[in-house]
Amino acid sequence: MAFKVALALCFVVAIAVPLDHLEGKGMAFRFPLFMLSALVVPLAWRGRFRPYPATADVLIVAPFLIDTLGNLAYVYDTFDATDDVLHTLNWILLVGAFHAWRYRRGGAANRLSRRDAWLLGAGLGALAIVGWEAAEWIVAETGAGGGLDLTYDDTVADLVLSTTGGMIGSALAVTVFPSRRARRANHA
């Protein structure tokens, strides 16, 4: 809950307080999309199993909180590498959230080989960044939510870095969140 409250408070500040460094960041457009991250796990979970998948919930909200804090604290404009580092880190966390949910849930997907599980997570990360960049392009082209200042170089770099982060996140998660089959083999 702390991550979700912090995210909401960051947006209250970002939207209510006129900060020059937030011009062209599309904060009004980001607000509803970023806050959706706080609802993904609770809506998918709806009390259907115990315990609550807190790891997945925190991992899916964390990238949106980190990005918003980075914008508020003027870090993106102060340190050139911030966008690159956070695209990689945030996709590690997002793909980690997917695997935390997937391994928590079990079922047929939990019986995938480690290689197939890694590919599934890495592929989901790649699809997610393509969708994200497409949404940013729409915002930039339409001027919705205050528009965004984007370049082709930035878009391509974001695609590469986020896909790399997804690959790393998937590899880490497949190691950290072992499948039921792997857990049974370790206990045998």
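See the structure shown above.
Residues numbered from 1 in each chain as written. Predicted model: local features only at pLDDT ≥ 70, side-chain atom pairs only at ≥ 80, totals over all residues. Heavy atoms only, no water.

Caption draft 1: Molecular detail of the overall build of the protein. When you go through the protein residue by residue, the secondary structure sums to 8 helices and 0 strands. When the helices and strands of the protein are read in sequence order from the N terminus, they spell out α-α-α-α-α-α-α-α. Residue burial in the protein is summarised as follows: out of 188 residues, 39% are buried. Within the protein, counting contacts between residues at least 6 apart in sequence, those at least 24 apart form 76% of the total. (Helix = DSSP H or I, 4+ residues; strand = E, 2+ residues; numbered from the N terminus. Buried < 20%, exposed > 50% of the residue type's maximum accessible area, 1.4 Å probe, protein only. Contact = heavy atoms within 4.5 Å.)

Caption draft 2: Main features of the pattern of salt bridges. Counted according to the given criterion, the structure contains 3 salt bridges. Measuring nitrogen to oxygen at the nearest pair gives 2.5 Å for the salt bridge that ties Asp67 to Arg30. Of the two residues, Asp67 is situated in helix α3 (residues 54–72) and Arg30 in helix α2 (residues 27–45); the sequence distance between them amounts to 37 residues. Accessibility expressed as a relative area gives 11% for Asp67, which makes it buried. Salt-bridge contacts for Asp116 lead to Arg115; the nearest nitrogen and oxygen are separated by 2.9 Å. For Arg115, a relative accessible area of 58% gives the class exposed. (Salt bridge = Lys/Arg side-chain N within 4 Å of Asp/Glu carboxyl O.)

Caption draft 3: Local environment of a nonpolar patch on the surface. A cluster of nonpolar side chains, Leu33, Leu36, Leu39 and Leu43, forms an exposed patch at the surface whose accessible area comes to about 360 Å². Among the secondary structure elements, Leu33 is positioned in helix α2. (Patch = residues over 30% accessible without salt bridge, like charges linked within 9 Å, V, L, I, M, F, W, Y side chains within 5 Å. Areas by Shrake-Rupley, 256 points an atom, 1.4 Å probe, with all protein chains shown as cover.)

Caption draft 4: Inspection of the packing of α2 against α3 at higher detail. Viewed as axis vectors pointing N to C, α2 and α3 meet at an angle of 160°, and their least axial separation amounts to 8 Å. Between α2 and α3, the crossing angle belongs to the class labelled roughly antiparallel. Between α2 and α3 lies a crossing of left-handed hand. Facing Met27, Arg30, Phe34, Ser37, Ala38, Val40, Val41 and Pro42 of α2, the residues of α3 in contact are Ala56, Asp57, Ile60, Val61, Phe64, Asp67, Thr68 and Asn71. Class assignment of the residues belonging to the contact of α2 with α3 gives a composition of 10 nonpolar, 3 polar and 3 charged. (Axes fitted to C-alpha atoms, helices over the stretch in contact; angles between N-to-C directions. Parallel < 35°, antiparallel > 145°, perpendicular 65-115°, else oblique. Left-handed = near helix turned anticlockwise from the far one by under 90°. Nonpolar A, V, L, I, M, F, W, Y, C, P; charged D, E, K, R; others polar.)

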